[in-house]
Amino acid sequence: MSLERVNPDELSPPTGFSHAVTATGGRLVFLAGQTALDADGKVTGTTLAEQFERALTNLLTALRHAGGVPADLARVTVYATDVADYRAQAPQLGRIWKRLAGRDYPAMAVIGAVRLWDEECLVELDGVAVVD
């Protein structure tokens, strides 16, 4: 299995994402949306950074139990209740991403959401991975 990150010179330089990811071989793992819920189903953290870290940890935990590692992520979608705040905090969120998932960035999008399933949640992440 291999993933190739494609970032054409004709497009703006990617920061914290890849413009395209191609996958060869392997099996697809579809990762459900993850928020800042703990093992008891309670929302943890009150700030975007705290909730982003927990949601990403939860996404990576699901991926690990499906046999994958962060570098296997081909696509991640981030749903944020405040895109302006997400953008303002992007450097800090990027540091959290690098610490937990490394520098092999998937294709990504950030989508504004009026609210998430649990009203106190500020961010949700879902994804697709290709694993051996």
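Scroll up to find the structure.
In this text, all values refer to a predicted model and were calculated from it rather than measured experimentally. (Residues numbered from 1 in each chain as written. Predicted model: local features only at pLDDT ≥ 70, side-chain atom pairs only at ≥ 80, totals over all residues. Heavy atoms only, no water.)

(A) Broad picture of the overall build of the protein. Within the protein, the regular secondary structure consists of three helices and six strands. At 14 Å, the protein has a C-alpha radius of gyration in line with the 14 Å of a compact globule built from 132 residues. Across the protein, the fraction of contacts at a sequence separation of at least 24, relative to all contacts at a separation of at least 6, is 75%. A total of about 7,400 Å² of accessible surface is found on the protein, and carbon and sulfur atoms cover 53% of it. (Helix = DSSP H or I, 4+ residues; strand = E, 2+ residues; numbered from the N terminus. Rg over C-alpha atoms; globule rule 2.2 N^0.38 Å. Contact = heavy atoms within 4.5 Å. Areas by Shrake-Rupley, 256 points an atom, 1.4 Å probe, with all protein chains shown as cover.)

(B) Local environment of the packing of aromatic side chains. Taken as a whole, this structure holds one aromatic pair when the rule is applied. On the numbers, 6.2 Å between centres and 65° between planes, the contact of phenylalanine 52 with tyrosine 86 is edge-to-face. Here phenylalanine 52, found in helix 1 (residues 48–65), pairs with tyrosine 86, found in helix 2 (residues 83–88); they are 34 residues apart in sequence, far enough to count as distant. Taking relative accessible area as the criterion, tyrosine 86 reaches 11% and is therefore assigned buried. (Phe/Tyr/Trp six-rings, centres within 6.5 Å; stacked < 30°, edge-to-face > 60°. Buried < 20%, exposed > 50% of the residue type's maximum accessible area, 1.4 Å probe, protein only.)

(C) Structural view of the pairing of strand 4 (residues 73–80). In terms of burial, strand 4 is a largely internal element, six of the eight residues being buried. In terms of strand pairing, strand 4 meets strand 6 (residues 123–131) through seven bridges, oriented antiparallel. Note that in strand 6 the partner of valine 76 across the bridge is glycine 127. Taken together, the six bridges between strand 4 and strand 5 (residues 107–112) define a ladder with parallel strand orientation. Counted as the bridge partner of valine 76 is methionine 108 from strand 5. (Pairing = 2+ DSSP bridges.)

(D) Spotlight on the nonpolar core. Residues Phe52, Leu73, Trp97 and Leu125 are the most contacted members of the largest nonpolar core, which totals 24 residues. At the level of secondary structure, the elements contributing two or more residues to this core comprise strand 3 (27–34), helix 1, strand 4, helix 3 (90–101) and strand 6. Among the elements that make up this core, the one with the highest residue count is helix 1 (eight residues). (Core = buried A, V, L, I, M, F, W, Y, C linked by side-chain atoms within 4.5 Å.)

(E) Summary view of the environment of arginine 87. With respect to the element layout, arginine 87 can be found in helix 2. The class of arginine 87 is exposed, set by a relative accessible area of 70%. Separated by 23 residues in the primary sequence, arginine 87 and valine 110 have C-alpha atoms spaced 9.3 Å apart.

(F) Local environment of helix 3. Its twelve residues place the ends of helix 3 15 Å apart at the C-alpha level, agreeing with the 16 Å of an ideal helix rising 1.5 Å per residue. What helix 3 keeps buried is the set Leu93, Ile96, Trp97 and Ala101. The buried residues of helix 3 occupy one face: seen down the axis, they fall within an arc of 100°. Counted as exposed and oriented over 90 degrees from the buried face of helix 3: Pro91, Arg95 and Arg99. The elements touched by buried residues of helix 3 are helix 1, strand 4, helix 2, strand 5 and strand 6. Glycine 102 lies just past helix 3 and shows a positive phi near 90°. (Expected span 1.5 Å × (residues − 1). Arc of directions from axis to C-beta.)

All quantities given are derived from atomic positions and should not be read as evidence of function.
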